[in-house]
Amino acid sequence: KASEFEEEIEKSSSLDELNSIRIKYMGKKGMISLLNKVLGTLSNEERPKMGEAIQNLRNNFETKFTEKANTIKKALKDAALSQKYIDVTLSPYPFNKGSLHPVKKIYDEIVDVFTAAGYSVAQGPEIEDDFHNFEALNLPKSHPARDMQDTFYIDENNIVLRTHTSPVQVRVMESQKPPVKIIAPGTVYRCDYDQTHSPMFHQIEGLVVDKGITMADLKGTLKLFISRIFGDDLDVRLRPSFFPFTEPSAEVDMGCVHCRGKGCRMCKGTGWIEIAGCGMVNPAVFKHVGIDPEVYSGFAFGMGIERIALLKYGIDDIRLFYENSLKFLKQF
Ligand code: PHE
């Protein structure tokens, strides 16, 4: 009778118990299976009726069994879930958030100083042609000053990885008539590697072209920049130098950030640290971009961002910037 196993199933409280009930009724020697043996003793008319009744019993058993099994499984799951709980009162701090790379931080600081002073930001390609990287900057093919640049050539004589941000000067002046007042921050490449040189590094170029621009404007601009980044007690001096694209040219020195100009190991006792190259735009460059040097004059400067970062943070190996050790990066 169906009511028999129905009651047993109903009373059972575990999957194990349920399974033994299944064996008891549905197993090979189970009570329902044994009914099949009776079939052989029945007459031809009775047999199909009995067969159908047995099948109904089986179906009935399966339905009840599955229902109960599901109920038990759900109860087990609910019990397990109620053991785990989320403590919503726990503090979400500290967040493990990233931070800006020290080179990017200084990069942004320098860009801010100049944009606040009315400069626009210009950009150019890192894969540059010979004309923009050299020729238009008054560095013709045979010029010995090309040697200084440790160039990565991509194609034997025309395409290079830009060795400085100065080609952006050329690109800006090609497309924009004076007045021009831009900075060009970006990645540059030189075939050089040691404690203070990396084959990939960053520069910021500055270019101002207008009527009546003088070297005094250049020095005032550099002084402003140095005081904003390093503090306004530092002296600035221009030391005569040479770049083919500026005339006159100078090296920019500032009072040593370490000893504030008194003389220490960092500045080799001189009290001065070199931080940029600069000069008045060479008329030869103006001619390449169609600006009349009789009407306009301009100044330009270029500096390495890593170098500024090394000085500002007191780091002595540029390679630390590219190793991406979290121990190092977390300090900024
Ligand atoms: N381009 C020069 C360099 O990379 C720096 C510079 C820029 C000098 C502009 C003068 C004027 O060394």
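Data block above holds the structure.
Definitions and limits used
Residues numbered from 1 in each chain as written. Predicted model: local features only at pLDDT ≥ 70, side-chain atom pairs only at ≥ 80, totals over all residues. Heavy atoms only, no water. Helix = DSSP H or I, 4+ residues; strand = E, 2+ residues; numbered from the N terminus. Rg over C-alpha atoms; globule rule 2.2 N^0.38 Å. Buried < 20%, exposed > 50% of the residue type's maximum accessible area, 1.4 Å probe, protein only. Areas by Shrake-Rupley, 256 points an atom, 1.4 Å probe, with all protein chains shown as cover. Lys, Arg positive; Asp, Glu negative; His and termini not counted. Charge placed at Lys NZ, Arg CZ, Asp CG, Glu CD. Axes fitted to C-alpha atoms, helices over the stretch in contact; angles between N-to-C directions. Parallel < 35°, antiparallel > 145°, perpendicular 65-115°, else oblique. Left-handed = near helix turned anticlockwise from the far one by under 90°. Contact = heavy atoms within 4.5 Å. Nonpolar A, V, L, I, M, F, W, Y, C, P; charged D, E, K, R; others polar. Arc of directions from axis to C-beta. Phe/Tyr/Trp six-rings, centres within 6.5 Å; stacked < 30°, edge-to-face > 60°. Lys NZ or Arg CZ within 6 Å of the ring centre and 35° of its normal. Near = heavy atom within 4 Å. Polar contact = N/O pair within 3.5 Å; in protein donor to acceptor, adjacent residues only side chain to side chain. Core = buried A, V, L, I, M, F, W, Y, C linked by side-chain atoms within 4.5 Å.

Moving on to the overall build of the protein. In terms of helices and strands, the protein carries twelve helices and nine strands. Taking 2.2 N^0.38 as the reference for a compact globule, 332 residues should give roughly 20 Å; the C-alpha atoms of the protein span a radius of gyration of 41 Å, well beyond that estimate. Every one of the 332 residues in the protein was classed for burial, and the buried ones make up 40%. Working note: accessible area of the protein is about 18,900 Å², and carbon and sulfur atoms make up 54% of it. Each charge class in the protein was averaged separately, 42 positive and 45 negative side chains, and the resulting centres sit 8 Å apart.

The next subject is the packing of helix H1 (residues 2–11) against helix H2 (residues 15–26). Contact geometry of H1 with H2 gives a least axis separation of 9 Å together with a crossing angle of 165 degrees. With respect to each other, H1 and H2 are oriented roughly antiparallel. As H1 runs across H2, the sense of the crossing is right-handed. On H2, the residues touching Glu4, Phe5, Glu8, Ile9 and Lys11 of H1 are Glu17, Leu18, Ile21, Lys24 and Tyr25. Classifying every residue of the contact of H1 with H2 gives five nonpolar, no polar and five charged.

Attention shifts here to helix H3 (residues 31–39). All of the buried residues along H3 are Ile32, Ser33 and Leu39. Buried residues of H3, seen end-on, are gathered within an arc of 105 degrees and therefore sit on one face of the element. If you follow the buried residues of H3, they end up packed against H1, H2 and helix H4 (46–83).

With that settled, the discussion passes to the packing of aromatic side chains. Throughout the structure, instances matching the rule amount to twelve aromatic pairs. With 5.6 Å between their ring centres and 20 degrees between their planes, Phe114 and Phe225 make a pair best called stacked. One end of the pair, Phe114, is in helix H5 (residues 102–116); the other, Phe225, is in helix H8 (residues 215–230), with 111 residues separating them in the sequence. Across this residue pair, the class does not change: Phe114 and Phe225 are buried. Put simply, the rings of Phe114, Tyr119, Phe225, Phe299 and Phe301 pair up and form one aromatic cluster. A cation over an aromatic ring shows up here: Arg22 above the ring of Phe65, its NZ or CZ 4.5 Å from the ring centre. Its guanidinium or amino end placed over the ring of Tyr193, Arg319 lies 5.3 Å from that ring's centre, counting from NZ or CZ.

Our next topic: the site of the ligand. Close to the ligand lie 14 residues; His164, Ser166, Arg190, Gln203 and Glu205 are nearest. With respect to the ligand, the side chain of Ser166 contributes an N or O atom lying 2.9 Å from a nitrogen atom. Here an oxygen atom of the ligand and a side-chain polar atom of Arg190 are 2.8 Å apart. Its free accessible area being 330 Å², the ligand has 92% of it covered by the protein chains.

Formed by 46 residues in total, the largest nonpolar core has its most connected members in Ile110, Phe225, Ile226, Phe230, Ile275 and Ile308. Secondary structure elements with two or more residues in this core: H5, strand E5 (200–210), H8, strand E7 (246–255), strand E8 (272–281), strand E9 (297–304), helix H10 (305–313) and helix H12 (326–329). Setting aside residues up to four positions removed in sequence, Phe225 forms contacts with Ile110, Val113, Phe114, Ile275, Met303 and Ile308. Grouped together as the second largest cluster of nonpolar side chains are 25 residues, Leu139, Val160, Phe243 and Val285 included.

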